[in-house]
Structures are given as C-alpha cells and as structure tokens.
Amino acid sequence: LNTDAGANVGAYADAIAITGQAGSNGFSASNYDLSYVTGDLVVSPRAVTLTALPQERIYGDAIVLEDTAFTVTDLDGDNALPNGELIDTVILNTDAGANVGAYADAIAITGQAGSNGFSATNYDLSYVSADLVVNQRAVTLTPLQQERAYGDTMVLDETAFTVTDLDGDGALPNGEVIDTVILNSDAGGDVGAYGEAITVTGQFGSNGFSVSNYELSYVAGDLVVNPRAVTL
C-alpha cells in the first residue's frame, strides 16, 4: 500500500493505492490478471490537552494573565507535538478575583497560537482551567506627630495619619479610602518628647474598603507634651 495524502486532518478519497502484493500456498502473480481499486484515507484530529497554570496577583492590581503559563499534554503523554509543531501562547480569561481569596478553576483557556506549521484544525484540543489567587495588598498607616499641653487630657486626632500604598503613593485602589484610625497612647505624663508613643490599633474606611483585602502594617508616631502656660 502507498499514499502521498493525509498531511492534515481530513478525508482523502482514493488516497490509498495498492502497488503490489505477496502471497503464499503457491500463489504466483503471473497466473492472475490483477486490478487494483484505491481506498480512502481518513486523518483524525490528534487529542491534545492544554492546562493553564495557577497564577497570582495583588489586590487592586490589574489582572494581567501570563499567556505562556500553561502545559501541553500530547496524545502519547509527553509535551511534544508531531512534526516539531509548537503551541507558543494561549488566550486566557477570568472574571473572578475581585477580592482577596483563592478562586478554583477561575482561569480559562479560550484559544491558542502556535508556530512551526501548527494548525488547530489538526488537533482535538481540550482545555483545563487553573486557579487564581488574589493576595492582600500591603499598606502602611503612620500617625502624624501630635502635641498637647501638660495637664490637658490626651485627645488624639484620629484623622492625623498618612497612608502609604504598595506603589508608594497615598491612594488605595478602586477609590477606596481609610477615613480614620484608632489611636492609643499611654505616654506623656510629663513635659517632653515621646518617640513612637502613638500607636495605631485599627482603622475605618469607606468606598468599598475592606480590611480583609489589605496587609496593614502600622508605624508608631511621636507625642510631644509642651509646658503649660501659667501666669504668676
């Protein structure tokens, strides 16, 4: 049998030709007027599985999925396609991950691009989704220095603080806002400067702010107790 058809998936009519024969039990071709009828050849798609790899991002950052983060499993169990063909990238999509958490099977493959003669029509491609993890966003809250006069009751200004976001500015993602912090100090009985005497123990926010989306760290602030003015 011989064929020069079937390079790609498809049905090839009359593609298999008989060019000779061999027999037994005394068979001799010279005793026969042999005629040959060609047969059809069908090339079926090759089963290949593309599996997305898990990916991570930080809360508030744009979702930029890495389109080379996937594996290929060929019909014979390895990752090599026939004829040196390659799948270089996949098209990934997710609609999950608004808040911090682990999202199972949230990254879906919706297509692929290849090279070295790769054609998707030659393959029976199946896709396996991957997990997406959204990690907390690092934010630092730092109280500003506060002052009081000796003898006055300590009333800390809970709006006197700065926010330092992951990217170095004071703006949280999505327009979220930290409005106030809970401040505490047990220092400052006498006149003097008390380094790192004001501590942050909590915060309140708005515009969708949720503390669970943030990895909050607190820097202590200074307290100054000034002499009390007295006229004799």
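Residues numbered from 1 in each chain as written. Predicted model: local features only at pLDDT ≥ 70, side-chain atom pairs only at ≥ 80, totals over all residues. Heavy atoms only, no water.

A. A look at the sheet that holds strand β6 (residues 86-93). Reading across from one edge, β4-β9-β7-β6 is the order of the four strands in this open sheet, with mixed pairing throughout. Edge positions in the open sheet fall to β4 (55-58) and β6, since each of these has one partner strand only. Each neighbouring strand pair of the sheet contributes to a mean axis angle of 40°, computed without reference to strand direction. Pairing of β6 with strand β7 (residues 101-115), which is carried by seven bridges, proceeds in the antiparallel orientation. In the sheet register, Leu86 faces β7, and the bridge partner there is Ser115. (Pairing = 2+ DSSP bridges. Helix = DSSP H or I, 4+ residues; strand = E, 2+ residues; numbered from the N terminus. Axes fitted to C-alpha atoms, helices over the stretch in contact; angles between N-to-C directions.)

B. A look at the layout of surface pockets. Considered as a void within the structure, the largest pocket measures approximately 160 Å³ in volume. Surrounding the largest pocket, Ala7, Asn8, Val9, Val43, Ser44, Arg46, Pro82, Asn83, Glu85, Asn122 and Tyr123 form its lining. Of the residues contributing to the lining of the largest pocket, the split by class is five nonpolar, four polar and two charged. (1 Å grid on protein atoms, 1.4 Å probe; cavity = no way out; pocket = protein on both sides within 12 Å on 5 of 7 lines; lining within 4 Å. Points joined across faces, edges and corners; volume = space filled by probe spheres on them. Nonpolar A, V, L, I, M, F, W, Y, C, P; charged D, E, K, R; others polar.)

C. Quick peek at the pairing of β4. Residues of β4 alternate between two faces, with Gln55 and Arg57 buried on one and Glu56 and Ile58 left unburied on the opposite face. When β4 meets strand β9 (residues 130-135), the two strands line up parallel, connected through four bridges. Each bridged residue has a counterpart across the sheet, and for Gln55 the counterpart in β9 is Leu132. (Buried < 20%, exposed > 50% of the residue type's maximum accessible area, 1.4 Å probe, protein only.)

D. Inspection of the pattern of salt bridges at higher detail. Under the definition given, this model contains six salt bridges. Asp76 is paired through a salt bridge with Arg46; the nearest N and O atoms lie 3.9 Å apart. Here Asp76 is found in the loop between β5 (70-73) and β6, whereas its partner Arg46 is found in strand β3 (residues 46-52), with 30 residues between them in sequence. When its relative accessible area of 51% is taken as the criterion, Asp76 is described as exposed. (Salt bridge = Lys/Arg side-chain N within 4 Å of Asp/Glu carboxyl O.)

E. Expanded view of the packing of aromatic side chains. Going through the model one piece at a time under the given rule, you end up with four aromatic pairs. Ring geometry for Phe27 versus Tyr32: centroids 5.2 Å apart, planes at 25°, classification stacked. Assessed through its relative accessible area of 32%, Phe27 is described here as partly exposed. With centroids separated by 5.3 Å and ring planes inclined at 25°, the aromatic side chains of Phe118 and Tyr123 adopt a geometry described as stacked. Within the aromatic cluster, the residues linked to one another by ring pairs are Tyr59, Phe209 and Tyr214. (Phe/Tyr/Trp six-rings, centres within 6.5 Å; stacked < 30°, edge-to-face > 60°.)

F. Summary view of the sheet that holds β3. Read from one edge to the other, the open sheet built from three strands follows the order β5-β3-β8, with strand pairing classed as mixed. What marks the edges here is a single partner per strand, and that holds for β5 and β8 (123-128). The sheet shows a mean angle of 20° between the axes of neighbouring strands, direction not considered. As paired strands, β3 and β8 are joined by six bridges and run parallel to one another. Following the sheet pairing, Thr51 is matched in β8 by Val128.

G. Up close: the side chain of Gln112. Looking at the secondary structure, you find Gln112 in strand β7. Only 2.5 Å separates the side chain of Gln112 from the side chain of Tyr127, close enough to count as a polar contact. In contact with Gln112, not counting residues within four places along its chain, are Leu50, Ile87, Thr89, Val90, Ile91, Phe118, Ala120, Leu125 and Tyr127. (Polar contact = N/O pair within 3.5 Å; in protein donor to acceptor, adjacent residues only side chain to side chain. Contact = heavy atoms within 4.5 Å.)

H. A look at the pairing of strand β10 (residues 137-143). Only one face of β10 is buried, namely the one carrying Arg137, Val139, Leu141 and Pro143, since none of Ala138, Thr140 and Thr142 on the opposite face is buried. When β10 meets strand β15 (residues 214-218), the two strands line up parallel, connected through five bridges. Each bridged residue has a counterpart across the sheet, and for Arg137 the counterpart in β15 is Tyr214. As paired strands, β10 and strand β12 (residues 161-164) are joined by four bridges and run antiparallel to one another. Looking at the pairing, Pro143 lines up with Phe161 of β12.

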